[in-house]
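Working through the structure, step by step
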Amino acid sequence: MTDISNTTVTPPVNKAAGGKKHRMLFMFLPVLVAVLLLLTPVPNGLQPYAWHFFAIFMGVIVGLIFEPLPGAVIGLTGVVIIALFGQWVLFSPAELADPKFKMAAQSFKWAVSGFGNSTVWLIFGAFMFAAGYDKTQFGRRLALILVKYLGRRSLTLGYAIAFADLLLAPFTPSNTARSGGTIYPIIANLPPLYGSKPNDPSARKIGSYLMWVAISAACITSSMFLSALAPNLLALALVKSIVGIDISWGTWFIAFLPLGVLLLLAMPLLAYWLYPPEVKINDEVPRWASRELEKLGKLSRNEILLMLFVCSALAMWIFAANFIEPALAALLVVTLMLWTGVLNWNDITSNKPAWNTFVWFATLVALADGLSRTGFIGWLGQAGGSLMVGISPGVATIVLLVAFYLLHYLFASTTAHTTALLPAMLTIGATIPGMNMQVFCLLMVTSLGIMGIITPYGTGPSPIYYGSGYLPTADYWRLGTIFGAIFLVALLVIGYPWMMMMF
């Protein structure tokens, strides 16, 4: 028995108080950044109201990075503040001098403009597809089928995980939901079957390998499909707003297809070589998957309907974009799911992630549009373009892409990264003579998914797999650097020439 008679008792740490202090600090930082920029002299060539808009915009970006409040709240706050003080931060002196100009009405119109953006509604519709996968358990069935037939060997099990993510990705705009809701809950059951435990030397038996393959696959598929990552759709709206280029679902898919297929085929094998599992073969995993499939039973009516609906949406996105707006196609499918009972209205109204993302992205679209509206983007393009004088379009493309990719080390949110940096990169690229802007835009936007691999906080699923106990910190950073470099080099060496040839 332990003698505690002379033990000094340490008062418990008030973690709630510490957390509150950090939260207050993080709430203060966005305000401090905005105020400091507001007090900074306006750069030459830029209108004061445009600089003031940028100051508040940067305060929002800092808020999105540290997230003292949900991202939707931060974005909404920025929009409301700008709309309230539109006289100083949104409208030019010429607009204000026009007697027919109604500032209050125009401020409100700008504030809610993002909610009418078709891309925002496409994001919302895709979230409803993901809800259908979850409610019908069709996504779980697909993953288990792959594990059943490919799960005997560690290497083929890695491919099963990658292919499961591939099958779910086109209809799941949140890679966090895809990983946390379907993929991770399944593969978390697999390592114990091999005697591989988290936070233990036995993790390397197979758990570490499986978790790394899973996060790598999530990043690859997030770049492969326009609808596989919510910031992809935000990037689409920014590209259209800033440089006037429309990127369809099919164009995105074709642009990344060769690279995506190559990375998906090579990645489990690369991980097998660079981070090898100790256990190579196990017969228990397929048997476990078979038992789980038996519990699910035969395909239900709702699963069959869901399959038909999502395939129809995919067909409309690829082949009928000129006849039906992709967002309307998504809403059509959601309506069909509601009428047939695949989803009910409560599934729509209670889907907090969907509504949160809807509000968040609508406000970010309005804020990004405001940068162009006030003339800040045009000024930034001229200033940035002057730094690229004398540089060939090819070299400029590589330099800007590498900078955009590596700067992701500073961001814990792909959405914040996209909102903060993509407009600047697009504007600078547009000022370079001879630049193929469609290819440049495609390179930028398709890099958003794969760049998430570089850090344990780089994309939504990263904390899930990092926190699994199978990926030690040193291993994660080392592998993130290696695979991040492989992905970037592959994009430059394979993706860039392919896009130049196609577009």
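The structure this text deals with has already been given above.
Every value quoted in this text rests on a predicted model; they were computed, and no experiment measured them. (Residues numbered from 1 in each chain as written. Predicted model: local features only at pLDDT ≥ 70, side-chain atom pairs only at ≥ 80, totals over all residues. Heavy atoms only, no water.)

**What to know about the overall build of the protein**
Each helix and strand in the protein was counted, giving 24 helices and zero strands. For 503 residues, the compact-globule estimate of 2.2 N^0.38 gives 23 Å, and the C-alpha radius of gyration of the protein, at 24 Å, lies within 12% of that figure. C-alpha extents for the protein along the principal axes are approximately 75 × 75 × 50 Å. Burial analysis of the protein (503 residues in total) assigns 52% to the buried set. Intrachain contacts of the protein at a sequence separation of at least 6 include 79% that bridge at least 24 residues. Working note: accessible area of the protein is about 21800 Å², and carbon and sulfur atoms make up 68% of it. A distance of 2 Å separates the average location of the 27 positive side-chain charges in the protein from that of its 18 negative side-chain charges. (Helix = DSSP H or I, 4+ residues; strand = E, 2+ residues; numbered from the N terminus. Rg over C-alpha atoms; globule rule 2.2 N^0.38 Å. Buried < 20%, exposed > 50% of the residue type's maximum accessible area, 1.4 Å probe, protein only. Contact = heavy atoms within 4.5 Å. Areas by Shrake-Rupley, 256 points an atom, 1.4 Å probe, with all protein chains shown as cover. Lys, Arg positive; Asp, Glu negative; His and termini not counted. Charge placed at Lys NZ, Arg CZ, Asp CG, Glu CD.)

**With respect to the environment of glycine 460**
The residue glycine 460 is located in the loop between helix 22 (437-450) and helix 23 (462-466) in this model. Expressed as a C-alpha distance, the spacing of glycine 460 and asparagine 346, which sit 114 residues apart in the sequence, is 26 Å. With sequence-adjacent residues up to four places away left out, glycine 460 is seen in contact with Asn175 and Thr176.

**Considering the packing of aromatic side chains**
On inspection of all chains with the given rule, the structure shows 29 aromatic pairs. When the centroid spacing of 4.9 Å and the interplanar angle of 75° are considered together, the rings of phenylalanine 91 and phenylalanine 101 count as edge-to-face. Placement of phenylalanine 91 in the loop between helix 4 (86-89) and helix 5 (93-97) and of phenylalanine 101 in the loop between helix 5 and helix 6 (103-111) is noted, with a sequence separation of 10 residues between them. Seen in terms of ring centroids, phenylalanine 376 and tryptophan 379 are 5.5 Å apart; in terms of plane orientation they differ by 45°. Their pairing is tilted. Pair noted here: phenylalanine 376 and tryptophan 379 are both in helix 19 (residues 376-387), with a separation of three residues, about one helical turn. Using a relative accessible area of 4% as the deciding quantity, one classes phenylalanine 376 as buried. An aromatic cluster of at least three residues, connected via ring pairs, comprises Phe115, Trp121, Phe124, Trp355 and Phe358. (Phe/Tyr/Trp six-rings, centres within 6.5 Å; stacked < 30°, edge-to-face > 60°.)

**Focus: the packing of helix 8 (residues 138-150) against helix 9 (residues 154-168)**
Relative orientation and spacing of two packed helices are given, respectively, by the angle between their axes and the distance between those axes. As a packed pair, helix 8 and helix 9 sit with axes 9 Å apart at the nearest point and diverge in direction by 155°. By the criterion of interaxial angle, the relationship of helix 8 to helix 9 is roughly antiparallel. Viewed along their axes, helix 8 and helix 9 form a crossing whose handedness is right-handed. Judged by residue contacts, Gly139, Leu142, Ala143, Leu146, Val147 and Leu150 of helix 8 engage Thr156, Leu157, Ala160, Phe163, Ala164, Leu167 and Leu168 from helix 9. Its residues assigned to classes, the contact of helix 8 with helix 9 shows 11 nonpolar, two polar and no charged. (Axes fitted to C-alpha atoms, helices over the stretch in contact; angles between N-to-C directions. Parallel < 35°, antiparallel > 145°, perpendicular 65-115°, else oblique. Left-handed = near helix turned anticlockwise from the far one by under 90°. Nonpolar A, V, L, I, M, F, W, Y, C, P; charged D, E, K, R; others polar.)

**Quick word on the side chain of serine 196**
Summarising the element assignment, serine 196 is placed in the loop between helix 10 (175-187) and helix 11 (207-224). Taking relative accessible area as the criterion, serine 196 reaches 0% and is therefore assigned buried. Filtering out sequence-adjacent residues up to four positions away, serine 196 remains in contact with Pro191, Ser202, Ala203, Arg204, Lys205, Ile206, Gly207 and Tyr470.

**Here we look at helix 7 (residues 118-136)**
Because each turn of an α-helix spans 3.6 residues, side chains separated by three or four positions end up pointing in the same direction. An ideal rise of 1.5 Å per residue puts 27 Å on 19 residues; helix 7 measures up with 27 Å between its terminal C-alpha atoms. Within helix 7, 15 of the 19 residues are buried, leaving the element largely enclosed by the surrounding structure. Among the residues trailing helix 7, glutamine 137 stands out with phi positive, at a value near 65°. (Expected span 1.5 Å × (residues − 1).)

**Here's the deal with empty space enclosed by the protein**
This structure, assessed with the given rule, holds one cavity of 30 Å³ or more. Looking at the largest cavity, its volume works out to about 30 Å³. At the level of elements, helix 8, helix 9 and helix 10 are the ones that each hand at least two residues to the lining of the largest cavity. Looking at side-chain class alone, the lining of the largest cavity contains eight nonpolar, no polar and no charged residues. (1 Å grid on protein atoms, 1.4 Å probe; cavity = no way out; pocket = protein on both sides within 12 Å on 5 of 7 lines; lining within 4 Å. Points joined across faces, edges and corners; volume = space filled by probe spheres on them.)

**Some remarks on unusual backbone geometry**
With phi around 65°, glutamine 137 is a residue other than glycine that occupies positive phi space. Here glutamine 137 is to be found in the loop between helix 7 and helix 8. When its relative accessible area of 37% is taken as the criterion, glutamine 137 is described as partly exposed.

**As for the pattern of salt bridges**
Tallied over the full model, the rule gives 11 salt bridges. Among the ionic pairs, arginine 141 bridges to glutamate 303, the shortest N-O distance being 2.8 Å. Of this pair, arginine 141 sits in helix 8 while glutamate 303 sits in helix 15 (residues 301-319); the two residues are 162 residues apart in sequence, bridging distant segments of the chain. By relative accessible area, which is 8% here, arginine 141 ends up buried. Of the charged contacts, one joins aspartate 246 and lysine 240 as a salt bridge, the two residues approaching to 3.6 Å between their closest N and O atoms. Through salt bridges with shared partners, a single network forms among Arg140, Glu292 and Lys295. (Salt bridge = Lys/Arg side-chain N within 4 Å of Asp/Glu carboxyl O.)

**A short note on the nonpolar core**
One finds Phe129 and Trp212 to be the most contacted residues of the largest nonpolar core, which totals 167 residues. Look past the residues within four positions of tryptophan 212 in its chain and what remains in contact with it is Ala271, Tyr275, Ile453, Leu471, Tyr476, Leu479, Gly480 and Phe483. (Core = buried A, V, L, I, M, F, W, Y, C linked by side-chain atoms within 4.5 Å.)

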